[in-house]
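Overview (structure and organization)
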2 protein chains.
Amino acid sequence: MRALMLILDGLGDRQSKKLNWKTPLEAARTSNLDKAAKTGETGVMYTIAPGIIPGSDTAHLALFGYDPVVSYAGRGYYEALGAGLAVNEKDIALRTNFATVEGRVLVDRRAGRNDFLLDDIAKDINGMKIDGVKFLFKHTVEHRGALVLRGRGLSPAVSDNDPHKTGEPPKKVLPLINDEKAKRTANVLNAFLKEVSILLKDHPANKKRIARGIPPANTLLLRGPGQAKQIEPITKIYNISADCVAGGALYKGVAKAVGMRVLNVKGATGDKRTNLEAKVEAATSSKADLVFMHVKATDSFSHDKDPQGKKKFIEKVDKAIKPIFKEFDLVFVSGDHTTSSVLGEHVSDPLPILVWGDRKLVRADPGRFNETKMVLGQHRVVGVNIMPILMSKIEKIEKFGE
Amino acid sequence: MRALMLILDGLGDRQSKKLNWKTPLEAARTSNLDKAAKTGETGVMYTIAPGIIPGSDTAHLALFGYDPVVSYAGRGYYEALGAGLAVNEKDIALRTNFATVEGRVLVDRRAGRNDFLLDDIAKDINGMKIDGVKFLFKHTVEHRGALVLRGRGLSPAVSDNDPHKTGEPPKKVLPLINDEKAKRTANVLNAFLKEVSILLKDHPANKKRIARGIPPANTLLLRGPGQAKQIEPITKIYNISADCVAGGALYKGVAKAVGMRVLNVKGATGDKRTNLEAKVEAATSSKADLVFMHVKATDSFSHDKDPQGKKKFIEKVDKAIKPIFKEFDLVFVSGDHTTSSVLGEHVSDPLPILVWGDRKLVRADPGRFNETKMVLGQHRVVGVNIMPILMSKIEKIEKFGE
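The following refers to the structure shown. Here the structure is a predicted model, which means the values were calculated and not measured.

Rules and cut-offs
Residues numbered from 1 in each chain as written. Chains lettered and ligands numbered in written order. Predicted model: local features only at pLDDT ≥ 70, side-chain atom pairs only at ≥ 80, totals over all residues. Helix = DSSP H or I, 4+ residues; strand = E, 2+ residues; numbered from the N terminus. Rg over C-alpha atoms; globule rule 2.2 N^0.38 Å. Contact = placed C-beta atoms within 7 Å. Least-squares fit on C-alpha atoms with pLDDT ≥ 70 in both. Buried ≥ 20, exposed ≤ 12 C-beta atoms within 10 Å, placed from the backbone. Pairing = 2+ DSSP bridges. Core = buried A, V, L, I, M, F, W, Y, C linked by C-beta atoms within 7 Å. Nonpolar A, V, L, I, M, F, W, Y, C, P; charged D, E, K, R; others polar.

Notes on the overall build of chain A
- Scanning chain A from terminus to terminus reveals 15 helices and 16 strands.
- Whereas a compact globule of 402 residues would reach a radius of gyration of roughly 21 Å, chain A reaches 22 Å, a difference of no more than 12%.
- Based on the C-alpha atoms only, the size of chain A along its principal axes is roughly 65 × 50 × 40 Å.
- Taking all contacts inside chain A whose residues are at least 6 apart in sequence as the whole, residues at least 24 apart take part in 70%.

Below, the structure written as structure tokens:
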């Protein structure tokens, strides 16, 4: 039997006046999800725990069955894996933004959110060496990238250089603990940033960007330092094969970290333009026991404070996913966290879950798949409960006791 | 943003015939709470865990976010703090009752529940010394008081002297473990009780009490030995300011123990005559990020097996609290435990919670704020979840992960 875990990022929401005091999921017309919820199992999930605001990385770890308090390795680690960089045991990994400075002052934290020629620039940064440390670098989507430091005596206990606002210079990287490795890592990163600035100041790619009216990518913002963490692969825990269909580097990275195979899907962009049909096609074509399919845009509409856009996108998803109910024996649908489209931020509110399958595998309940009617569902769970629920249904977990 | 935590002591209840098989909270007309519940979040809370009957002290620790299994320091500690006694690191603290003996036999465990001249008596007890141990003593409310032992080689592992019934003599204090400190503490306490009996036998205050027909306060019952426990203050954990509005010494004491500032409120008596309006005024006038407001009488009506009285008192509270919904961004209402007004005792049943706020901060659910309709709420929590839920909403907790 095969199971699909469909995660609509930031799916949970709050009611808003713009939707006549409904949530986007409540307001959306979703005939496929409604039909599935009617014979499926529903309920309420705190992804991590009540009152804890999940990040996307910790939330996905929980959904894959790993306690993030134990297993979380830092955002940079997952971003680097998702970008396709190898991260060895003692490497330090960071997520990066290309950004624009004028003089020393930060004027655009995302270099126009424009990826023109960033691959060229990335190639010149990749392979730099400072004080015995090698820098591996890759551009991913839009202004984003990932950086891996390889060398002796490094630590992830260093601060970001991102001031999180424009009008002032990027910060210096500082050691967060009084430790030689942390100090060395901060020094090496500050030296690296200086060299990058020199390299990018008059870089031909930046000249071309400026000529086109695009802000030059002349500095890097570094965030979320992480380090590889060995965990037991999901494929081994449940003795399954597992494939990932995702656009965003982070989600691919978490999937890789737990031992999933990441499928290459054309048109899976990790943004609002994503080709949902191509992703559904990739998911249904996979032969893996478990397919994890991730859709990012629900979250992006929330961050953009656009509940109507989120509602419409949910309707698009509902149409696109029709084939999955034919191709999979078991389908789990939820989000990784609630993102308020009123506040534009992750919040700690619980979110609805849907476990659909043949009626031999699931038991219908009075719950429905939205933030209001979920309370009538049979499940009250946290994220780490999801994998056992799914795997027990497709007979990948044995009875405990006799 | 500012949050109020309103705890109506022993609010949860069971249905009783006297209320046509409703609970006091179900039977009460509570237009303000009903209105708040309509747009607010509701749910079910076990203060400590299913099947655990909470004491008021352990329950409040949990509501303040501390696991009582780890952080509980013994009732006497909180009573002493609440009475305004300093409790140093190695001190032993106990709660006390003034009681009445005739000959050696206990005839009234509460000395008529009458506080006439007890402050005078307390002053004469305060400062006594036995075998290098100094006794600090303070009368609080009605027949109650708190005692602190200061000296070398003391232990809280000693028994109570309260036989919990009349008609027999108070018990001897015994060491609970085979330990020199426990033995010394028991010896010192028995000697203290003897000296107190001698002091009070013909004390002028008791002569005046007898002349007025009030039972003399001629002995002390000692209970709940505790010892200071260092915990991280609530103000530091969440980087907030926190004020307490309460009448009863215990609640002030727990609030102090977790680092809250206790406001002096005239008319906050910690009993059925409490001035609710004065407390609401004090709470709304506070500028703290978190205000904890405690109302005791709901519990007292339950202990007195008076569900109708409890219902009426809940209606009084509902009227009095109207201003809080204007003055606070976020309001949490619940009890610390369920107290059956049929049995007159704390029971382990879960109780309803209400989280009300601006609709940007909360998500309405179909639940209502009583023991029956709470099941339609979105939350299923234990007490230690409450602070994270509240603090994440008023942005005092950061995202876990990115």
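Next comes the rest of the description.
Observations regarding the relation of the copies chain A and chain B
- With an RMSD of 0.2 Å, chain A superimposes on chain B once it is rotated by 122° and translated 0.4 Å along the axis. One copy is carried onto the other by what is essentially a three-fold rotation axis. Minimal C-alpha separation from the rotation axis in chain A is found for A:L376, amounting to 3.9 Å.
- When the interface residues of chain A are mapped onto chain B, a mere 3% of them again fall at the interface, so the copies present different faces.

Some thoughts on unusual backbone geometry
All names here are of chain A.
- Even without glycine at this site, H164 takes up a positive phi of about 60°.
- Secondary-structure assignment places H164 in the loop between β7 (144–150) and α7 (180–201).
- By C-beta crowding, H164 is classed as exposed, having 10 other C-beta atoms within 10 Å.

Remarks on the pairing of strand β3 (residues 92–102) of chain A
All names here are of chain A.
- Within β3, 10 of the 11 residues are buried, leaving the element largely enclosed by the surrounding structure.
- Pairing analysis gives six bridges linking β3 to strand β8 (residues 219–226), with the strands arranged antiparallel. Within β8, the residue paired with F98 across the bridge is L220.
- From the end of β3 to the start of strand β4 (residues 105–108), which pair antiparallel, there are two residues, and G103 there has a positive phi angle of about 65°.

With respect to the nonpolar core
- Core analysis: the largest hydrophobic core is formed by 243 residues, its most contacted members being A:L4, A:F332, B:L4 and B:F332.
- Leaving out residues up to four positions away in the same chain, B:F332 has contacts with B:A3, B:L4, B:M5, B:L6, B:L354, B:V355, B:I386 and B:L390.

Focus: the environment of B:A186
- Mapped onto the elements of the fold, B:A186 is located in helix α7 (residues 180–201).
- For the pair formed by B:A186 and B:E41, sequence separation is 145 residues and the distance between their alpha carbons is 50 Å.

Some thoughts on the interface of chain A and chain B
- Counting from both sides, the interface comprises 29 residues of chain A and, opposite them, 22 residues of chain B.
- Mapped by element, the contributors of at least two residues to the side of chain A that touches chain B are α3 (56–63) and β14 (345–347) of chain A.
- The residue makeup of the side of chain A that touches chain B, split by class, is 14 nonpolar, nine polar and six charged.

Digging into the sheet that holds strand β2 (residues 41–46) of chain B
- One open sheet accounts for eight strands, arranged β10-β9-β11-β1-β12-β15-β2-β16 (chain B); its pairing is mixed. One side of each edge strand has no neighbouring strand; the edge strands of this open sheet are β10 (261–262) and β16 (379–382) of chain B.

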